[in-house]
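Topology and contacts: notes
Letter by letter, the chains look like this.
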Amino acid sequence: MRPTGADHRYAVAGMGATGVGVFVALVRSLVAGGRAAGAEIHIFETKERLGAGVAYSTPHDCHLLNMRAATMSVHADDPDHFVRWLAGREDASASEAGEYVPRRLFAEYLQEFFEEALAEARQRGIKVVTHKSVVSDCREDERGVHLIAGLDHFVFGRVFLCLGDLPSTEYLEFTKLPTYVHSMWQGAGLEAIGPDATVGILGTSLTAVDALLQLRTTGHRGAITCFSRRRSLPKVQGPRVRHTLRHVTEANLRRLTGDFTRQLEFTEVAELFRRELEDGLGIAIDWTRVLARPEETFTHTLAKDVELAEKGQTLWYSILDATSEIVPLVWRSMSPEARASFMTEHLSIWSMFRHCMPLDNARRLLDMATDGAFVVASDLTSVSYDEDARAFRIEAGGAAHHVEWLVNATGTGFALECSDSSLIQNLLMRGDITPHPLGGIDVDFDTLRVVRRDGSLSARAHYIGPLTRGVHFYTNSFETNLANAHSAVAAALTRLDSPAAA
Ligand SMILES: Cc1cc2nc3c(=O)[nH]c(=O)nc-3n(C[C@H](O)[C@H](O)[C@H](O)COP(=O)(O)OP(=O)(O)OC[C@H]3O[C@@H](n4cnc5c(N)ncnc54)[C@H](O)[C@@H]3O)c2cc1C
């Protein structure tokens, strides 16, 4: 059936990596479905470089992809696509960087991928209109989705919202202070920090690692302390070996849930992962020791982790990595209580093992730690600003630390009510989107259609990206967001085929 009214008009709001994934999936699906001629795709983004978004805009070569190039292909059915693209470049940093390449190269790759799809769209008769503007509102009625961008008003049949992350909602009380960096990816970031200034970094995750390496490569000499509440630096990724899942499988999830008619408790899911790891490693794991905080210094732990990765004794990483694809389904199978308990009790240890450092970065960090360029202080209890001393006072590990500059590296936020996006606020206010109980936006798992306040699903608006973490969990990976982009596009076009369902 040919679409009618606004149904041939599509909008993609936000053209970071996810928006580009949606655009390309849309072009391909329209072409494959014989619906290209006469279709219109409008894209909305203020950033100059499409695809770069927040994650891949950094110009610093020390900011590496935290996933191997072999896992970052834009084509799920052609995993070596990015690796081949890198091999075909003359740029030395692409060929010398090894398996973990600078993130800026991934932005270039995405831009090329976008341009290829754009050329194909135009050749096949799809009109593509680029708007360098922010979408400030979108409202749905029987005619379609009314979208406001600047002074313009458009009506679309389907809208894909790919607005990315929210900034951290922690430590907002310091945002007016000139020596506080709320997000190293926005504004001047770390550039304004003087070379001899003392710096405190809140957090020890991959963002903190990026901050440390950037300070090092830009010649910073002052003392740096990373503060954490519980955990220390991420583990180190070793070589990946192929692992076929035996326990964390869809068949087991079906069996345990009676074909998804009941939800799993946290202990049941933990048991599946325990068996997967112990079977894969061929040993009984001493979980108390693994989960306990190490007694030795962070430098000692880091040196040991680097050594294990160099020797390839990181099979546990390959096993966890193999669960990427099934994790959204595992998450969906868990009871709300199990998910909430995971978020509060276990997320930090999961992240420490699952979101590990590339070996190259770990070696650089070890050099820095050995030189005494930074230290880690755990058991962070409070942060305040001393006006008289013009310094931040941080209580951690029973001691008080004073630093001139403070960098928030606690990651991104998920509290919609704190978002400064007028689009999100307008949608929230009208109940056209709903906050997920675990943060971010509530969407339908399969179609990514947004859930309204009354519990109904939008017929025409899909949200794809990191903010669907409450529903899909593993949304801080390009792989998951790309898979979700494909699901959303497939669902949107299927519903056009059966308008009665709309
Ligand atoms: C620092 C960092 C490093 C990462 N590294 C990796 C990695 O190595 N590998 C990996 O798999 N994942 C990584 N991730 C995870 C990352 O979140 C995803 O891979 C993916 O890049 C998210 O892209 P996005 O397009 O959803 O969001 P974003 O990159 O945030 O892009 C959103 C875009 O939407 C635009 N926008 C927002 N609101 C509007 C509006 N109202 N109107 C118009 N435009 C709007 C913004 O300008 C922005 O360009 C990283 C994340 C971060 C933050």
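Residues numbered from 1 in each chain as written. Predicted model: local features only at pLDDT ≥ 70, side-chain atom pairs only at ≥ 80, totals over all residues. Heavy atoms only, no water.

So, the sheet that holds strand β8 (residues 180-181)
Two strands in a sheet stick together by hydrogen bonds in their backbones, pointing the same way (parallel) or opposite ways (antiparallel). Spatially, the five strands line up as an open sheet ordered β8-β15-β9-β10-β11, and their pairing is parallel. Whereas interior strands pair on both sides, the edge strands pair on one side only; in this sheet they are β8 and β11 (374-377). Pairing of strand β10 (residues 224-227) with β11 involves four bridges; the strand directions are parallel. Opposite Cys-226, over in β11, you have Val-376 as the bridge partner. (Pairing = 2+ DSSP bridges. Helix = DSSP H or I, 4+ residues; strand = E, 2+ residues; numbered from the N terminus.)

Let's talk about the site of the ligand
Taken together, 30 residues lie near the ligand, and Thr-18, Glu-45, Tyr-56, Asn-66 and Phe-478 sit nearest. Here an oxygen atom of the ligand sits 3.4 Å away from a polar atom, N or O, in the main chain of Cys-162. At 2.7 Å from an oxygen atom of the ligand is found a main-chain nitrogen or oxygen belonging to Phe-478. When the free accessible area of the ligand is taken as 1,000 Å², the share hidden by the protein chains comes to 91%. (Near = heavy atom within 4 Å. Polar contact = N/O pair within 3.5 Å; in protein donor to acceptor, adjacent residues only side chain to side chain. Areas by Shrake-Rupley, 256 points an atom, 1.4 Å probe, with all protein chains shown as cover.)

Focus: the domain arrangement of the chain
Domain parsing of the chain yields domain 1 (7-54 + 104-166 + 414-501), domain 2 (172-234 + 358-408) and domain 3 (250-354). A straight line from the C-alpha centre of domain 2 to that of domain 3 covers 29 Å. Taken together, the two surfaces of domain 2 and domain 3 that pack against each other cover about 1,400 Å², and 63% of this comes from carbon and sulfur. When the buried area of domain 2 at its contact with domain 3 is split by residue, Arg-230, Arg-231 and Leu-366 rank highest and sum to 45% of it. Summed over the shared surface of domain 2 and domain 3, the result is one salt bridge. Its salt-bridge partner being Arg-363, residue Glu-310 comes within 2.8 Å of it at the nearest N-O pair. Linking domain 2 with domain 3 are one residue pair in polar contact (both at pLDDT 80 or more), by the criterion used here. Taken together, the elements giving at least two residues each to the side of domain 2 that touches domain 3 come down to α13 (359-370) and β11. In terms of residue count, the dominant contributor to the side of domain 2 that touches domain 3 is α13 (seven residues). (Domains from an automatic or database assignment. Buried area = accessible area lost by both parts, 1.4 Å probe. Salt bridge = Lys/Arg side-chain N within 4 Å of Asp/Glu carboxyl O.)

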